[in-house]
Structure formats: structure tokens, C-alpha cells
Amino acid sequence: MTTEHQQVNKPKSNRKLISMLVIGCIGMFGFGFALVPLYDVLCEKLGINGKPANTASSYQAITVDTSRIVTVEFISQVQTGMPWQFEPQTKRLEVHPGELIHTAFLARNMSDRATVGQAIPSVSPGQGAAFFNKTECFCFNQQHLAASTSAELPLIFFVDPQLPESIHTLTLSYTLYDITDKQLASAIEQGAAK
């Protein structure tokens, strides 16, 4: 009788186990989806995401800390398949916190058609992103380049004097993405709406 009783309960326990596993999988999937926005919010609040502000900072005459030098390095990358050359005019600058700095990146469209690019910045270490302020940046706008043309893309920035003493080097990295197709789709969509 015990063997027969165990065989009757086995399908019930298997169904219960399968149900628990399915619920666990759905819960993990939902948690994975929630992690991305939670991570962005948490990093933004803690100032550790390495993403500098996407809006221009205003520069008031602040006291320049001439007793301190911060090295700012510039790195550029281009999305795979994008027909542009993109590089910093200067790869490294030594600046005093509070000093307004003018530099530029150079872009060249190597293709035989007009293209549109959008640069996405990142600052490392992430704790330094909140202290790197851009007053003018090509990354605030989309860059339109005709076929086989080049442009100098301006960048004006300052490092906040409140930058922690432990940070001696900031690396500003730009990744340039080809958004030509998105621009074309948007223009078509706007034309159809009129």
C-alpha cells in the first residue's frame, strides 16, 4: 500500500516542483529587466556611472586651483562599420581645476554619401564624472557631414575644483555612432505627419 500511495503522490509533487521552478524563472526574468533602470538610477544618485551630464554647464569665474594639476586624457571610438575617422585633436592635457579649457575632436566622413553621427561620452573613473563639466560639446548635437568632408568638433570644459584629491587623471571617452538611418526614418515620419 505504501508503494501505491507514493506513486499517487509523485505526480502531485512533480507538478508542484515544476510550478515552483516556472515561477522562479519568471521572477528571475522580471528581476533582470528591472535591474537596468535600477542600476541607472542608483549610479546616477551615487555619481558612479561615468556618464557626464548631457547638458551644457555654465561657467562662472571660479577660483582656479593653480596648486593642483589634473591630467585629462581623450579617447575616441567609432561604431563598427561607420565610415568616419574620429580622433581627439590633443590626446592629453594637464589642467588646473577651475580653468576653462578649449579643445576639439576631428571628424572625417570617408564615405561617398552624407552621414549623421552622434557621440556618446563617458568619463572614468566614474566618481570623477560629476566633476567634469562641459560648457560646449559636439556631443550635445548630432553631427552631419557631407560625403568626403571633415569638421573640427569643439569641446569646452572645466574640472570642478571640488574634484577629490585622490583623482589625478580623468579619461574622457567618446563613442561615435552612425544614426543616419534613424535620422532618415524620423524625417520620413515627420513628413508623413504633415
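Just above sits the structure.
Undergrad: Before we go on, may I ask you to explain the side chain of S111 in this structure?
TA: Along the chain, S111 falls in the loop between β4 (101-109) and β5 (115-124). Here the side chain of S111 touches N109 through a polar contact of 2.7 Å, side chain to side chain. The residues contacting S111, other than those within four sequence positions of it, are P83, A147 and S148.

Undergrad: Looking at this model, I keep getting lost on the packing of aromatic side chains. Mind explaining?
TA: When we look at a pair of aromatic rings, we describe it by the centre distance and by the angle of the planes. Evaluated as defined, the whole model comprises eight aromatic pairs. Measuring from centroid to centroid gives 5.3 Å for F105 and F138, while their planes differ by 50 degrees, and the two rings are tilted. Taken as a pair, F105 in strand β4 and F138 in the loop between β6 (132-137) and β7 (143-145) lie far apart in primary sequence, 33 residues in all. Of the residues examined, F105 reaches a relative accessible area of 0% and is grouped as buried.

Undergrad: How do you make sense of the sheet that holds strand β1 (residues 70-78) when you look at a structure like this?
TA: Hydrogen bonds between backbone groups are what pair the strands of a sheet, and the pairing can be parallel or antiparallel. The sheet built from five strands is open, its strands ordered β3-β1-β9-β5-β7 with mixed pairing. Both edges of this open sheet fall to β3 (92-95) and β7, since each of them pairs with a single strand only. On average, each strand axis in the sheet is tilted by 25 degrees relative to the strand beside it, whichever way the strands run. Bridging between β5 and β7 involves three bridges; their strand directions are antiparallel. Pairing of G117 across the sheet is with Q143, part of β7.

Undergrad: What is the right way to look at the pattern of salt bridges in this model?
TA: Side-chain pairs of opposite charge can arise whenever the charged atoms involved come near each other. Inspection of the entire model under this criterion finds two salt bridges. Residue R68 is joined to E165 by a salt bridge in which the shortest nitrogen-to-oxygen separation is 3.9 Å. Of this pair, R68 sits in the loop between α1 (2-46) and β1 while E165 is found in the loop between β8 (150-159) and β9 (169-178), placing the two residues 97 residues apart along the sequence. Residue R68 is classed as buried on the basis of its relative accessible area of 8%.

Undergrad: Please explain the pairing of β1 as it appears in this structure.
TA: Successive residues of a regular strand alternate their side chains across the two faces of the sheet. As judged from the four bridges shared by β1 and β3, these two strands associate in the antiparallel manner. Paired with V70 across the two strands is V95, which belongs to β3. By the bridge criterion, eight bridges tie β1 to β9 in an arrangement that is parallel. Counted as the bridge partner of I75 is S173 from β9.

Undergrad: What's the story with the sheet that holds strand β2 (residues 84-88) in this structure? I'm lost.
TA: Here four strands make up an open sheet; going across it, the order is β2-β4-β8-β6 and the pairing antiparallel. With one partner strand each, in any of the chains shown, β2 and β6 form the two edges of the open sheet. Averaged over all pairs of adjacent strands, the angle between their axes in this sheet comes to 25 degrees, without regard to strand direction. Strand direction decides the pairing type here: β2 and β4, joined by five bridges, are antiparallel. In the strand pairing of β4, F86 is matched with A107.

Rules behind the numbers
Residues numbered from 1 in each chain as written. Predicted model: local features only at pLDDT ≥ 70, side-chain atom pairs only at ≥ 80, totals over all residues. Heavy atoms only, no water. Helix = DSSP H or I, 4+ residues; strand = E, 2+ residues; numbered from the N terminus. Polar contact = N/O pair within 3.5 Å; in protein donor to acceptor, adjacent residues only side chain to side chain. Contact = heavy atoms within 4.5 Å. Phe/Tyr/Trp six-rings, centres within 6.5 Å; stacked < 30°, edge-to-face > 60°. Buried < 20%, exposed > 50% of the residue type's maximum accessible area, 1.4 Å probe, protein only. Pairing = 2+ DSSP bridges. Axes fitted to C-alpha atoms, helices over the stretch in contact; angles between N-to-C directions. Salt bridge = Lys/Arg side-chain N within 4 Å of Asp/Glu carboxyl O.

So, to be careful, I would describe these as geometric facts and stop short of saying anything about function.
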